[in-house]
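Structural characterization, general
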Amino acid sequence: MFVDCLIMSERLLLPSLAEAPLSDGELGFLWSFIDASIMFPATRWRLRDAWGMCPRHALGWLQVELLLRPNLLHGPALLYEDLLSRAVGAMDVHGPGRALRLAWRLRMRAPCLMCELGYGPQSPGFPPEGLAQRRADLVPLCSFVHETSPWWKEFVYGTCVGNDHSARCREHLRTEHAYAEATFREQQERVRRIAGHVSAFARSFRWELRGTATGADRAGLIAAIGWCQGWGSFVELVREDV
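Now for a description of the structure that goes with this document. (Residues numbered from 1 in each chain as written. Predicted model: local features only at pLDDT ≥ 70, side-chain atom pairs only at ≥ 80, totals over all residues. Heavy atoms only, no water.)

1. Focus on the packing of helix α5 (residues 74-90) against helix α13 (residues 215-229)
Quick note on the threshold: To obtain an axis, a line is fitted to C-alpha atoms, over the contacting stretch when the element is a helix, and the angle between two such axes runs from 0 to 180 degrees between their N-to-C directions. Think of it this way: any DSSP run of H or I at least four residues long counts as a helix, any run of E at least two long counts as a strand, and we number them from the N terminus. Orientation categories follow fixed angle ranges, with anything under 35 degrees roughly parallel, anything over 145 roughly antiparallel, 65 to 115 roughly perpendicular, and all other angles oblique. By the definition used in this description, the sense in which the near helix is turned from the far one sets the handedness, with an anticlockwise turn below a right angle giving left-handed and a clockwise turn giving right-handed. Residue contacts follow a heavy-atom distance rule, with two residues in contact if any of their heavy atoms lie within 4.5 Å. Classification used: nonpolar for Ala, Val, Leu, Ile, Met, Phe, Trp, Tyr, Cys and Pro, charged for Asp, Glu, Lys and Arg, polar for all others including Gly.
Between α5 and α13, whose axes approach to 10 Å, the crossing angle comes to 55°. Relative to α13, the element α5 lies oblique. Relative to α13, the crossing made by α5 is left-handed. Facing α5, whose interface residues are Pro76, Ala77, Tyr80, Leu83, Leu84 and Ala87, α13 presents Leu221, Ala224, Ile225, Trp227, Cys228 and Gln229. Here the residues of the contact of α5 with α13 are counted per class, giving eleven nonpolar, one polar and no charged.

So this is what it looks like as structure tokens:
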């Protein structure tokens, strides 16, 4: 519980990418991260414990990936395929005390890796010059989010963005304990669908499956990040779509 409170407070302190572009330190970390660090087993387990990254750094990672290699979102797809597979298992809970067991299973066991390392809007570092010059370029990110919005917006949770949608993100699913059986099954089905789409997107990077990802599969990556980290940052990019 303490770690969850700590992470939520950290998230509230970090501005969005629109408010403050990625710093040199953040850019340098993400540049090395996408080429090597994400493949380290210890890093992958650390990302599992935190359900990915905080909203700023999850979007920053996606921004850097799209700036450097817009057609190769394999790393994020693999991570969120793993996290949503874990979420499907966590949601398979029944009987007395279900709400408490679900809250325990969906908890964050560690803060955002980048936040814990001290990376924020003012962090110094040494990113590649070409990447540093594009730190404020959100066009590829906004385009990807906008183009896939017809498929991911059905998963947006209302409290995150101020509407009355019945979908729940991980944090609100974890903290809201009163669910009718039918409502809970509906949430389970949504998580399974997101998992299916992001898994299909991850598989589409295999040579023999290249070109098989649908718009819904690509949107599965956005839906997975939104489910894990909350929806506010994504919806801020395309407010007119939700």
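2. Quick look at the packing of aromatic side chains
Stated precisely, the cut-off is as follows: Each Phe, Tyr or Trp ring, with Trp reduced to its six-membered ring, pairs with another whose centre is within 6.5 Å; inter-plane angles below 30 degrees give stacked pairs, above 60 give edge-to-face pairs, and intermediate values give tilted ones. Three labels apply to residues, based on accessible area from a 1.4 Å probe with only protein chains included: buried if under 20% of the type maximum, exposed if over 50%, partly exposed otherwise in between.
If you walk through the whole model with that rule in mind, you get six aromatic pairs. Their ring planes at 20° and their centres at 5.7 Å tell us that Phe29 and Phe33 sit as a pair that is stacked. Of this pair, Phe29 and Phe33 both sit in helix α2 (residues 24-35), separated by four residues, roughly a single helical turn. Judged by its relative accessible area of 13%, Phe29 falls in the buried class. Classification of Phe33 by relative accessible area gives buried; the value is 1%. For the pair Phe29 and Tyr119, a centre-to-centre distance of 5.1 Å together with 45° between the ring planes defines the contact as tilted.

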